[in-house]
Every structure is written in C-alpha cells, then in structure tokens.
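Take a look at the letters that make up each chain.
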Amino acid sequence: MMTETSEITKLKHSLTKNRSEHLGKDVWNDFVVPRFFNRVDLTSEMPIRLEGGRGSGKTMLLRYLSYHSQFSLNRHFITDEDVSRIGLYWKADTQFLRLMTKRSIGEDTWLMLFDHYLNLKIAYEMLSSIFSLSDSHYGKVTHRQVAGTVLEGVSDFGFEKEGINDVYKEIGRRIRKTEMIIQNIKDVQSLNFLPVSFIAHLAESVLHSFPCLQGSLFSVYIDEYENLLSYQQRVINTRIKHSEPPIIYNIAIKKNGMSETSTLSHEKLENKADFSIINLDDQIEMSGFDVYVSEIFLKKLGESCPNVIESCDIDLSVCQEVDKIDARYDCKYEASCREALNRIFPGRTHYDLAEEVFNTPSFYNKMVSEIKRALEQKKCAKYHEEDFVSGDHKKASIVCASLLFRRNINPEDVAAELFRLRNGEKNKFTDKTAWEHNYFIGCYLRIVRAYKTNSTFYSGFDVYTSLSGGNVRHFLELCRTAISLVGDNDLAKDFVVSRKLQHIAARNTSEELVREIQRFTPLGNQLNNFVRGLGRVFQLCQDRESQSETEVTHFGIKDDQGVFKEEDQFFLDEAEKWGVLKAIESTKNKSLSASPTYDYILNPVYSPFFLISYRKGRKLDIDAVDFKALFQSGEAAVNSSIGKKLRLLSNSNENSSTDMQASLL
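Residues numbered from 1 in each chain as written. Predicted model: local features only at pLDDT ≥ 70, side-chain atom pairs only at ≥ 80, totals over all residues. Heavy atoms only, no water.

Visitor: I'd love a proper account of the overall build of the protein chain, names of residues and values included.
Guide: The number of helices and strands found in the protein chain is 27 helices and 10 strands. The C-alpha extent of the protein chain, read off along each of the three principal axes, is 100 × 65 × 40 Å. For the protein chain, the residues scored as buried account for 57% of the 665 residues in total. At a minimum sequence separation of 6, the contacts of the protein chain that also span at least 24 residues come to 77%. Carbon and sulfur atoms make up 48% of the accessible area of the protein chain, which amounts to about 28,700 Å² in all. Seen as two clouds, the 85 positive and the 92 negative side-chain charges of the protein chain have centres 5 Å apart. (Helix = DSSP H or I, 4+ residues; strand = E, 2+ residues; numbered from the N terminus. Buried < 20%, exposed > 50% of the residue type's maximum accessible area, 1.4 Å probe, protein only. Contact = heavy atoms within 4.5 Å. Areas by Shrake-Rupley, 256 points an atom, 1.4 Å probe, with all protein chains shown as cover. Lys, Arg positive; Asp, Glu negative; His and termini not counted. Charge placed at Lys NZ, Arg CZ, Asp CG, Glu CD.)

Visitor: Account for the pairing of strand S4 (residues 247–253), with residues named and values stated.
Guide: Burial of S4 is extensive: seven of the seven residues sit out of reach of the surface. Taking every second residue as pointing to the same face, both faces of S4 are buried, with Ile247, Tyr249, Ile251 and Ile253 on one and Ile248, Asn250 and Ala252 on the other. Of the strand pairs in this sheet, strand S1 (residues 48–51) and S4 are connected by three bridges, and their pairing is parallel. Directly across from Leu50, in S4, lies its bridge partner Ala252. Pairing geometry for strand S3 (residues 217–223) and S4, over five bridges, is parallel. Across the sheet, residue Tyr221 finds its bridge partner in S4, namely Asn250. One crossover worth recording links S3 to the parallel S4 by way of helix H9 (residues 230–241), and it is right-handed. (Pairing = 2+ DSSP bridges. Right-handed = clockwise from strand over helix to strand, strands pointing away.)

Visitor: Any details on the environment of Val605? Residues and values, ideally.
Guide: Mapping Val605 onto the fold places it in the loop between strand S8 (598–602) and helix H25 (607–610). A relative accessible area of 2% places Val605 in the buried class. Along the primary structure Val605 and Glu45 are separated by 560 residues, whereas in three dimensions their C-alpha atoms are 38 Å apart. When neighbours within four sequence positions are excluded, Val605 is seen to be in contact with Leu467, His474, Ser510 and Leu513.

Visitor: Kindly report on the layout of surface pockets, identifying the contributing residues and their values.
Guide: Taken as a whole, the second largest pocket spans an internal volume of roughly 1,000 Å³. Asp281, Glu285, Gly469, Leu581 and Lys582 are, among the 42 residues lining the second largest pocket, the residues nearest its centre. Sorting the residues of the lining of the second largest pocket by element identifies helix H10 (280–286), helix H19 (461–468), helix H24 (566–577), strand S7 (581–585) and S8 as the ones contributing at least two each. The element contributing the most residues to the lining of the second largest pocket is H24, with four residues. (1 Å grid on protein atoms, 1.4 Å probe; cavity = no way out; pocket = protein on both sides within 12 Å on 5 of 7 lines; lining within 4 Å. Points joined across faces, edges and corners; volume = space filled by probe spheres on them.)

Visitor: Give a description of a positive patch on the surface that names residues and reports values.
Guide: Side chains of Lys161, Lys169, Arg173 and Arg176 sit close together on the surface and give a patch of like positive charge. Within the secondary structure, Arg176 sits in helix H7 (residues 164–184). (Patch = residues over 30% accessible without salt bridge, like charges linked within 9 Å, V, L, I, M, F, W, Y side chains within 5 Å. Salt bridge = Lys/Arg side-chain N within 4 Å of Asp/Glu carboxyl O.)

Visitor: Kindly report on empty space enclosed by the protein, identifying the contributing residues and their values.
Guide: Applying the stated rule across the entire model yields four cavities of 30 Å³ or more. Estimates place the volume of the largest cavity at around 60 Å³. Broken down by class, the residue content of the lining of the largest cavity amounts to six nonpolar, four polar and one charged. (Nonpolar A, V, L, I, M, F, W, Y, C, P; charged D, E, K, R; others polar.)

Visitor: Can you break down the packing of aromatic side chains residue by residue, with the values?
Guide: What describes a pair of aromatic rings is the distance from one ring centre to the other and the angle between the planes of the rings. Tallied over the entire structure, the rule returns 31 aromatic pairs. A ring pair is formed by Phe440 and Tyr444, whose centres lie 6.2 Å apart and whose planes are at 35°; its orientation type is tilted. Pair noted here: Phe440 and Tyr444 are both in helix H18 (residues 435–448), with a separation of four residues, about one helical turn. Each member of the pair, Phe440 together with Tyr444, is buried. Centre to centre, the rings of Tyr458 and Tyr614 are 6.3 Å apart; their planes meet at 55°, and the pair counts as tilted. Of this pair, Tyr458 sits in the loop between H18 and H19 while Tyr614 sits in the loop between H25 and strand S9 (618–623), and the two are 156 residues apart along the sequence. With respect to burial, Tyr458 and Tyr614 carry one shared label: buried. These aromatic residues form a ring-pair network of at least three members: Phe530, Phe555, Phe564, Phe571, Tyr600, Phe627 and Phe631. Residue placement shows Arg174 over the ring face of Phe159; its charged tip is 4.2 Å from the ring centre. (Phe/Tyr/Trp six-rings, centres within 6.5 Å; stacked < 30°, edge-to-face > 60°. Lys NZ or Arg CZ within 6 Å of the ring centre and 35° of its normal.)

Visitor: Could you give an account of the nonpolar core, with specific residues and numbers?
Guide: Counting 106 residues, the largest nonpolar core has Phe297, Leu301, Phe345, Met367, Phe429, Tyr464 and Phe475 as the members making the most contacts within it. By residue number, the principal contributor to this core is H18, which donates nine residues. Apart from the residues within four sequence positions on either side, Phe297 is in contact with Leu15, Leu341, Ile344, Phe345, Phe475, Cys479 and Ile483. In this structure, Ile122, Val146, Val167 and Leu228 belong to the second largest nonpolar core, which totals 68 residues. (Core = buried A, V, L, I, M, F, W, Y, C linked by side-chain atoms within 4.5 Å.)

Visitor: Pulling in residues and values, what's your account of the sheet that holds S1?
Guide: Taken together, the five strands give an open sheet; going across it, the order is S2-S3-S4-S1-S5, and neighbouring strands pair in parallel fashion. In this open sheet, the two strands that pair with only one neighbour each are strand S2 (85–91) and strand S5 (276–279). Direction aside, the axes of adjacent strands within the sheet are offset by 20° on average. Running over the sheet, helix H8 (residues 197–208) touches S2, S3 and S4 and is turned about 135° from S3. (Axes fitted to C-alpha atoms, helices over the stretch in contact; angles between N-to-C directions.)

Visitor: Account for the packing of helix H1 (residues 4–15) against helix H20 (residues 472–484), naming residues and giving values.
Guide: The angle between the axes and the distance between the axes are what describe a pair of packed helices. Here H1 crosses H20 at 145°, and the two axes come no closer than 9 Å. The handedness of the crossing between H1 and H20 comes out as left-handed. Note on element contacts: H20 touches H1 through Arg480, Ile483 and Ser484, opposite Leu11, Lys12 and Leu15. Looking at the contact of H1 with H20 residue by residue, the class counts come to three nonpolar, one polar and two charged. (Left-handed = near helix turned anticlockwise from the far one by under 90°.)

Visitor: For the state of the cysteines, give the residues involved together with the corresponding values.
Guide: Following the criterion strictly, the structure yields zero disulfides and no others. Distance from the sulfur of Cys319, which forms no disulfide, to the nearest cysteine sulfur (Cys337) is 6.5 Å. With a relative accessible area of 0%, Cys319 lands in the buried category. Between Cys541, a free cysteine, and Cys443, which holds the nearest cysteine sulfur, the sulfur-to-sulfur gap is 14 Å. (Disulfide = S-S within 2.5 Å.)

Listed below in structure tokens is the structure:
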C-alpha cells in the first residue's frame, strides 16, 4: 500500500502530463467530458471546424472521439450507437509535411504526393479501427470475423490481395515507401498513386462486411490544420466541401488559423453551407470554466491521492459519463468543486492584502515614505504622514499613498474624507466616489513592486482561474508549479498551498510562458517584442504616482492617420491565434477610421511576469504608429518615443475621474 508521501509524488508526476500528447491516443480513462458536450452537435453528417486556442482541449477532444478511446479496452460497455460514427484521428506531422515543397519538384507533383499519402494514412486508420473494435468489449465484431473479411475491389487499385489483413499490411508498406521517397526525393515515378475514390470504396467495403456497422460512417478528425502548407489545406478543403457518408472530414484549428478557403476547383469553403464551427473557448467559458477545471484537477487528485479526495464528498465518476452531464450543473455539486479547490488554493481578500501591507515592514515603510514624499512635494507642513495612516482603515491608508500625489486634490481634502470615514460619515473612500474600490489594487501593486516576492497577490483558486484566461493547460500548469513548491511531507500533513507559494508559482509560470512566445511561428520574435513592450507600457501606467487611471490592462488602436495596414492586421490575427491577445468588441473607439473595431486584452497569464493586474481594467488608446513600434522594437520603443509620451501624460492633467480612459497621444 502506498504511503501518503508516495501518493503526493504520484500526483506531482500526474500534473506534469497536462498535454494530451503525454497521455497517448487512448484517453478514455483520463478524459473529463466537457460540460458543453451535449449542447453542441459533434455527431452530425455536417463537417465540423473545431476551433480554440492553445490549451483549450482540441486534441484531447478529438482523441476522445476517435476509435482509440471509443473502443478502448478500458471501456467496458459499448453500444450499437457508439459504433455508428467511427472516429479516425490524424495529426499533421509539421516537420515531415513541410518537406513536401520545392526541392526541384513542382507543386502539382507535391499535391499528388500529399493526396496519395493522405489516402494511405486514412486507409490505415480505417482498418486499424476495425481491428481495435474486434479487440474491444463490443462483442459483435470478432477476431474471427475480421480475419475472414475480404475487401472486394481493392485489387482494382493495385493491391495484390483482398483479405483485410493483407490489405492492411500492404498499406503499411506503401506508407513506408512513400515516406522514404518524400524524404529522399527519388523514384517518385515508382509510386502507384491512390485516388481519393479509393477511400470511399474502402469505407463502403469495410462497413458492408459487418452487419452491425450498416449505416455507420467514418469521421476523419484532422488536427492542427493550420500547420499544413497552403496546397495541402486546399486538398483538405476539397474533401470537407464534398464530405458525405460514409466518410466525413473535420478539422481542428486555432483561432484565425484558416487562412486558405480555396479548394482544388474554383469553389471556396463557406461557413454554414459546408461546415459548422464549434468554438471551444466560448463553449468552455459559457459552461463554467472554473467548475470544469476544478473537475479535471480533482480527478487527477483522486486518482493519485484518494485519501485527500475522500473528504471532499464529490462523486467524480459523473465527469466521465456523457449521460450524467446534467448532474454536474447541480448547484450543490458545483459549490463542492469550488470549495475543494478553495481549500487547496486559499485566496485573499482586499482586506487581507491591506493587512499584508501593514504587517510587512518593507511594504509598510514604502507606503509611509510615499505619503511623506507626496506631502513634501506639495510643501504641506500642516499634515504629517501619520495623519494618513490608520490601523482601523488600512485600505484607505494605502489609497492615500497615491491620492496625495494628485494635482487637483489637496491634502486637506483627503484628511477631511479620512476623518469622515473614521467617524462613520459619508465619505469618498467608501461611498459613491469609491476611492477604495476603484484604486486600491493599483495602489497596492505600486507599493509592493520593489518587494514583489513577499506579496500574495496572485493567490487563490479564483485568481488562478482568472490568470488562466479560459485556458485549461495554463490552469493546470499554475497548479502544478504551485504544488511542486511544497514538500511531500508538508502536503501529506495538510494538502494546502500557502498564498505566498501560490504567488511565487504564478510568477514562475508566467515567466516560462513569456519565454515560449518566441517559438510562436512565424512571428515569434515580433510577438515577443510586443508582449514585453506592451507589458512595460502597462507597468509604467501601473507605477504612476497618482493612480488616477489604475489597472490599465487592455488597449485599442487609434488610426486617425490611416497608417494601419494589412500586415498589422495579420500581426493581430497571429497574436489572437497564439492566445497572446484576446479581441473584444470596442465600445469606446475614438478613431476616425472604422478599421480597428476591436480592443485587445493581453493574456492575463502574462500579468505576474510584469506584476500588473490580471483584471480587465482601464483601456489605453495606442496610435497605430506606436503599435507598429511595439512589435518591431519592443521595450526599446517604450524606452524612447512611447515612454516619453507616456511620461508626459503622467505629469499632466491628473484627476480623479473614475471612468477616464488612458491615452497614448
């Protein structure tokens, strides 16, 4: 029997497997059925374009729908309905498929080679699915039946024999031969190219060989479509366009990843007419992201540390059963999931953060020194720093450290409002003007910046879900990093991650994710420049003494001079595709041009790297010229022209408006 510490070790190892590639193609035991599963049509005869950001679960869902999972030996009961749609999963090998261009061979030849190779791979998966079905617990397709199956007519396509095992082996040989020819570019003429009609014939022949599969169809799921070359995408598009039983083609793709809509003819793919779109990010958000990720985490926890999960009193078996999804929307069940994660990753309130400032000498001294400096700047001898520090009103005291820097607010006014607060009278700190509500977080972050490792700002289950920005993988990585910082013995005694360790884990995770941006092809360098530059701009906004426009975390583009070009839109599309930015419909676009109609939010998971707010706060309007400079030069642009503009703004027109937008003019 495992000791508790060995269970903790097992959990830590399990949490490192936060990509479907780490789990293999059979994910039956690992899959948590998405809460939206019954609300979208994944089994119709209409092709599907499954889109979502990195870490949204596209690959995991496709592997679950494929025969590898549906006919898994871990699945002990399979119905006739379960075999009515047989999923075939194919993920583009980017490195290999990108060999299929140029190299002294024309695109027409490469197109024929790719088409032939795709036919072979699909045919191989098609027959593999039947062998897998015979191995499964279905019972109506036996090994003996399969072994005696003859695929009539395949000899017309050049196959030596028609027995299913012989055809399967020959397809395997042809795949290997084709791959060698593609790799070495020789003997292309020796290939006997298979037409797409071979796939349709093979599908019909296979299905008619087994009475229980009459009326079934094959659904091909092509993953990472955006990584295919343009002509390869046209081949896939053509198959989507002409999909019909017994074989339907579907693709999984990142947002903005479908740059090619042409087919091999004059036709183009059209949404709704040729395929339906399922956006995973939207579906997960609408169905309750926080509960969904808590289920995924608790499932991993229960498999590794059953002693820990027992106290939660949650029936996690419903997470893997499609017909029990409704039970997961029960209010008590949802509350139990959230409560379990809140216990493991305890959060903090604004009052807790205020207590932290008062109880941490470096934070407290910074607050007091800022109040003193503000009074000295205004040459105010009437008041001293201790007049604005109240142990009974810590949040207000922290806000005073910035309010006193504002040009249009006198220390007398702040002192008067603080006096009213102390006496329980109407005041601008807690009443309608809401100084505390509007400015506390910005003031807190400004105070703790120099001593950021002592903070607990990025802690709590709710904070981790916000930082994740709807990305399942990012949430699991935050949890993994946090738990890895706690010793096994400590977790065995009390399965809780302290707030400070959560904060450090968030910063470590964020730093790692910022580093990987450079690998986002083809604009990795520009995206890296942009994130670091934009983050620096937000830092400068965050560090403004007055905090009159606190928590600036998203931006719009002003294009009054008409300099925003097609390549700039392409950059934004790439930023969205890789999850660096999220576009939201603009509500206050001041631009004279109608081109930029969206505002953009920096992925909140990058916030800890810059020690800025992860919440959707104020908007910064950026000139199109400065926008270009950010992705071309990054921080260097901020340290020159853009930084000067921002500093000029910070030294003028300070006010206490709660709805004013920041501008880079």
